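Summary of the model geometry
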Amino acid sequence: PPPPPPQKKRGLTLLFSPHPDDLVYSAFSALIDPSNKKVAVTVFNLSRFTKWGLGSPRLISAFRKLEDRLAFTLLGIKLFHLDQPDTSLVESKRFPLKLLYRPNIIYSPLGVGSHPDHLMTRGLAVHVWLEAKRIPRLLFYEDLPYAARCENYGSVLETLSREVGLLKPRFIPLSDYQLRLKMLFSRLYITQTDNTSLLRQRAEENGLKSGVRYAEKLFEVAF
């Protein structure tokens, strides 16, 4: 009999998260997509902020890291923390990053809400994309819960488009089960405010716009 056809080698998706919880809140569809291997990078995981107020940076940072590791271990995704302090600790930051990975897809926060940590993470993701000579697909996810509270973030898209090129909106459907799973994983971040109702509301709004029940919205650099 003829030899079996060679299996297509899976690519690598590199996902950038400003803080623990951002990818689960905003790009859960990418985390559960089986078509690619995945590596997640959480940039600003040192913090003194919780839903109960400010506290010990060492204790809170340890809990935040633990929450993040639990979620990504359950998802089966390799996770790296860059151990950078967020804005609850310092105002300005600089950090080096040497990547050993060659992704074919990169996910970045969009930067809705202009949170400094989100904007710096977006800048890092765009830098990696440019270093890769714009070969990987570059997608930006809605920053939730910020995007759900923002009526119009067209100015964000306009500014970013001048840097990376035309951005094409994409809606990724979520089934009932996938949305319930997203809600479950979002609750693993117990030190943070429970945003499940807002996440569900946004999924319904995006679903209504795209003809399905629930969806997440992304923006991809068009070629």
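Please read these numbers as outputs of a predicted model, since none were measured by experiment.

**Here's the deal with the pairing of strand S5 (residues 78-81)**
Here S5 shows a buried face lined by Leu 79 and His 81 and an unburied face lined by Lys 78 and Phe 80. When strand S2 (residues 37-42) meets S5, the two strands line up parallel, connected through 4 bridges. Bridge pairing links Val 39 to Lys 78 in S5.

**So, the pattern of salt bridges**
Taken as a whole and judged by the stated rule, the model has 10 salt bridges. With its nearest N and O atoms 3.2 Å apart, the salt bridge here joins Glu 220 to Arg 170. Of this pair, Glu 220 sits in strand S9 (residues 214-221) while Arg 170 sits in strand S8 (residues 167-174); the two residues are 50 residues apart in sequence, bridging distant segments of the chain. Glu 220 sits in the buried class, given a relative accessible area of 14%. Residues Glu 216 and Lys 182 are paired through a salt bridge, measuring 2.6 Å at the closest nitrogen-oxygen approach. In this pair, Glu 216 is assigned in strand S9 and Lys 182 in helix H7 (residues 176-186), connecting sequence segments 34 residues apart. The same class applies to Glu 216 as to Lys 182, namely buried. Salt bridges here are not isolated pairs; linked through shared partners, they connect Asp 21, Arg 64 and Glu 67.

**Considerations on a nonpolar patch on the surface**
A surface patch of nonpolar side chains, amounting to about 320 Å² of accessible area, comprises Leu 59, Phe 63 and Leu 66. Take Leu 59: it is sitting in helix H3 (residues 57-75). When its relative accessible area of 52% is taken as the criterion, Leu 59 is described as exposed.

Calculation rules
Residues numbered from 1 in each chain as written. Predicted model: local features only at pLDDT ≥ 70, side-chain atom pairs only at ≥ 80, totals over all residues. Heavy atoms only, no water. Buried < 20%, exposed > 50% of the residue type's maximum accessible area, 1.4 Å probe, protein only. Helix = DSSP H or I, 4+ residues; strand = E, 2+ residues; numbered from the N terminus. Pairing = 2+ DSSP bridges. Salt bridge = Lys/Arg side-chain N within 4 Å of Asp/Glu carboxyl O. Patch = residues over 30% accessible without salt bridge, like charges linked within 9 Å, V, L, I, M, F, W, Y side chains within 5 Å. Areas by Shrake-Rupley, 256 points an atom, 1.4 Å probe, with all protein chains shown as cover.

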